[in-house]
Each structure stands twice: as C-alpha cells, then as structure tokens.
Amino acid sequence: MRKYGLIIIALICISVLVLGHQHWKNVSEATGVEAREAAAKVKEKEKEEREALIQSLKPKNNKQQPLIDYLHYKSLTQDRVIVSLVGSNGTTGTGASNSSNSWAGRLEKSLRADRDELETLSFINHGHEGYSTEDLLEGKKIEAVIQDDPDLVIFDNSLINNHYQSLSLEQTKKDLESIMTKLQKELPNAKILIISPNPVANGKTENSIGLNYLDYIHASEQVIKTNEWKYMNSKEEIEKKLKEKNMRLADILTNDNIHPNNQGHYIWFEVMQEYFKLK
C-alpha cells in the first residue's frame with residue numbers, strides 16, 4: 001500500500017508540474033501577444049504622428065514657411081537633403097581660421113543639431129575666391145550647382161569682387177539675371193536665397209569707373225525687388241548686430257579690412273541662423 005501511495009504522490013507531483021508548465025507557457029504566450037500588440041500600437045502612433053508632422057510642414061500649406069521647416073519637410077519625405085552654396089570669398093570662408101569657423105560651416109552644424117531628421121543634411125560649397133558674378137558664369141560654376149540637384153541654393157552675390165574688378169552696374173545686373181534664370185529653369189523645385197556680401201571698411205571707396213561697393217548692392221537690390229526673389233542683406237544685418245553688441249566693424253574684419261575674421265563669420269552665422277527660422 002505504501003508503494004502505491006508513493007506512486008500516486010509522484011503522479012500528482014508530475015501532473016502539477018505539467019499543468020504548471022502549461023499555465024506559465026500560456027501566460028508567457030499571452031504576455032508575448034500583448035507586448036507585440038503594444039509595440040504595433042506604438043509603431044502605428046509614431047507613423048500617424050510622423051504623417052501629421054509631414055502634413056503640417058508641407059510647403060504648399062505654408063506660404064511663409066521658415067527655411068528650417070522647409071528643410072525639415074524635405075528630410076521627412078526624401079532620402080537626402082542638399083544645400084548648395086555658390087559665391088566668392090564669403091562662401092569659401094576666407095578670413096576664418098578653418099572651414100568649421102566660417103558662417104557656412106557653423107550654419108550646417110547648427111541646422112543638423114536643431115532637428116533630429118536633419119542629421120543627414122549636406123552642404124556643398126561652390127565658393128571661389130576672387131570670383132565676380134561674371135567669373136561664376138564664365139567658369140560654369142552655376143552649372144556645377146545645378147548638378148548637385150539641391151533643395152536649397154544660397155547664392156552669395158559676388159559684389160565685393162565686382163566692385164574690385166570695376167564691372168559696370170549694367171553687367172552686374174545682367175549677370176544676376178542670368179544666374180537666377182539658369183537656377184530657376186534647371187531647379188524649378190529648389191528654393192533660392194540670394195544674400196549680399198559682408199560689410200567692408202572701404203565701402204565708399206570708388207573704383208576705376210567711379211562706383212563704390214554700396215552702388216553695387218543698391219543696383220542688385222533693384223533687380224531682386226523687381227523679380228521678387230528671396231533676399232537677405234547680410235551687410236545691413238551684420239551692421240545691426242554690431243550695433244547691438246557695441247562692436248566696431250574693425251573688430252570683425254581681418255587686416256585687409258575686407259574679409260570677416262572668426263568673430264565676423266560668427267556674427268554672419270547668427271544672422272543666417274535667425275533668417276532660417278524667420279517666417
């Protein structure tokens with residue numbers, strides 16, 4: 001009898017173990033199903049939030065959209081986002097100790113840090129030291145920008161060199177129109193921003209044809225205004241910053257009194273950063 005009792009107890013223990021294992025298996029499977037369902041709901045919610053963000057940033061729904069929102073939208077709807085820069089010494093970063101201290105280098109880093117989706121943003125620099133607007137056209141530098149297929153073009157109008165090379169105002173305006181015609185025709189979906197060069201110490205000095213630097217800025221602005229192109233006067237905005245900071249122009253220029261030093265490029269970057277967030 002004792003033997004049979006032990007057998008019965010053993011069978012009971014085995015049954016308990018089997019049933020317990022099955023119970024925990026069922027619990028585990030149920031938990032797994034719940035976890036997968038929860039993960040699917042989170043994924044679906046993230047998808048819905050992403051789609052809502054895309055719709056809120058859609059350019060056609062935001063006629064006065066800040067440039068950073070435009071780039072953010074592009075980053076959410078395509079694999080790459082490219083900003084192409086073209087111009088002269090200001091674009092190359094002349095005067096800065098290195099490219100990362102130039103206004104362009106700082107702006108690229110700032111934009112990437114501002115929005116997670118902009119980590120893959122690429123700046124392609126087509127700046128050429130000493131180039132006038134005529135040089136940019138004759139050197140096929142606008143075609144190089146077009147080859148980038150960029151989402152945004154920043155054109156640093158080469159007026160300091162136009163003044164230095166004594167190009168006529170008529171030629172300057174003609175070049176500007178030719179550059180913009182090429183860009184708008186070949187890049188119909190890209191945004192194009194024209195910026196003026198930085199302020200210089202000898203801005204009122206006349207060249208060999210009796211024109212000063214301001215004459216070139218004013219002539220260009222007439223064409224820009226007539227065509228309603230996007231434009232930022234870097235010269236004036238930098239001068240406003242200097243006034244706010246109680247600084248002199250000489251404080252932000254190199255010894256040639258033309259090109260911005262590291263401090264000058266930083267102030268130029270501040271101006272650009274604010275513009276990118278401006279409606």
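Right, let's walk through the structure included here. Predicted model, so just to flag it, every value in this text is computed and none were measured. (Residues numbered from 1 in each chain as written. Predicted model: local features only at pLDDT ≥ 70, side-chain atom pairs only at ≥ 80, totals over all residues. Heavy atoms only, no water.)

Here we look at the overall build of the chain
In plain terms, the rule: Per the convention used, a helix needs a DSSP run of H or I reaching at least four residues, while a strand needs a run of E reaching at least two, with both numbered from the N terminus. Our radius of gyration is a C-alpha quantity, and the globule rule it is checked against amounts to 2.2 Å times the number of residues to the power 0.38. Residue burial is assigned from relative accessible area. The probe radius is 1.4 Å, only protein chains are included, and a residue is buried under 20% of its type maximum, exposed over 50%, and partly exposed in between. The criterion used for residue contact is that any of the two residues' heavy atoms lie within 4.5 Å. The accessible surface values rely on the Shrake-Rupley method and a 1.4 Å probe; as for residues, cover is taken only from the protein chains in view. The charge count includes Lys and Arg as positive and Asp and Glu as negative, but it does not include His or the ends of the chains. Charge positions are represented by NZ for Lys, CZ for Arg, CG for Asp and CD for Glu.
Along the backbone of the chain there are 11 helices and 5 strands. Relative to a compact globule of 279 residues, whose C-alpha radius of gyration would be 19 Å, the chain shows 31 Å and is clearly more extended. Its C-alpha atoms give the chain principal-axis dimensions of roughly 125 × 40 × 30 Å. Per-residue burial over the chain gives 42% buried out of 279 residues. Here the analysis covers contacts within the chain between residues at least 6 apart in sequence; of these, 74% occur between residues at least 24 apart. Accessible surface for the chain amounts to roughly 15,900 Å². Of this, 51% is attributable to carbon and sulfur atoms. Charge separation in the chain, taken as the distance between the mean sites of 36 positive and 40 negative side-chain charges, equals 8 Å.

Brief notes about the packing of aromatic side chains
Rule in force here: Paired rings are identified among Phe, Tyr and Trp, the last through its six-membered ring, by centres lying within 6.5 Å, and are further divided according to the angle between planes into stacked (under 30 degrees), edge-to-face (over 60) and tilted (the rest). Two thresholds decide whether a charge sits over a ring: the Lys NZ or Arg CZ must be within 6 Å of the ring centre and within 35 degrees of the ring normal.
A complete count under the given rule lists 2 aromatic pairs for this structure. Against the face of Tyr70 rests Lys191, its NZ or CZ located 5.0 Å from the ring centre.

Let's talk about the packing of helix α4 (residues 103-114) against helix α11 (residues 262-276)
The test is simple: Note on geometry: axes are C-alpha line fits, over the in-contact stretch for helices, and angles between N-to-C directions span 0 to 180 degrees. Oblique is the label for any angle not under 35 degrees, not over 145, and not in the 65 to 115 range, which are roughly parallel, roughly antiparallel and roughly perpendicular in turn. Left-handed describes a crossing whose near helix is turned anticlockwise from the far helix by less than a right angle; the clockwise case is right-handed. Charged residues are taken to be Asp, Glu, Lys and Arg, nonpolar residues to be Ala, Val, Leu, Ile, Met, Phe, Trp, Tyr, Cys and Pro, and polar residues to be all remaining types, Gly included.
Relative orientation of the contacting elements α4 and α11 amounts to 40°, with a least axis distance of 8 Å. One element, α4, and the other, α11, form an angle in the oblique class. Where α4 crosses over α11, the handedness of that crossing is right-handed. Where α4 abuts α11, its residues Trp103, Arg106, Leu107, Ser110 and Leu111 lie against His265, Tyr266, Trp268, Phe269, Met272, Gln273 and Phe276. In the contact of α4 with α11, the residues fall into 8 nonpolar, 3 polar and 1 charged.

Some remarks on the packing of helix α10 (residues 234-245) against α11
At a closest axis distance of 9 Å, the pairing of α10 and α11 adopts a crossing angle of 110°. The orientation of α10 with respect to α11, classified from their angle, is roughly perpendicular. The crossing of α10 and α11 is right-handed. For the pair α10 and α11, contact is made by Ser234, Glu237, Ile238, Lys241, Leu242 and Lys245 and by Ile267, Trp268, Glu270, Val271 and Glu274, respectively.

A word on the side chain of Lys74
Note the threshold: The term salt bridge refers to a side-chain nitrogen of Lys or Arg lying within 4 Å of a carboxyl oxygen of Asp or Glu.
Within the element layout of this structure, Lys74 appears in helix α2 (residues 67-77). No salt bridge is formed by the buried Lys74, whose closest oppositely charged neighbour, Asp151, lies at an N-O distance of 4.3 Å. Residues in contact with Lys74, not counting those within four places in the same chain, are Val81 and Asp151.

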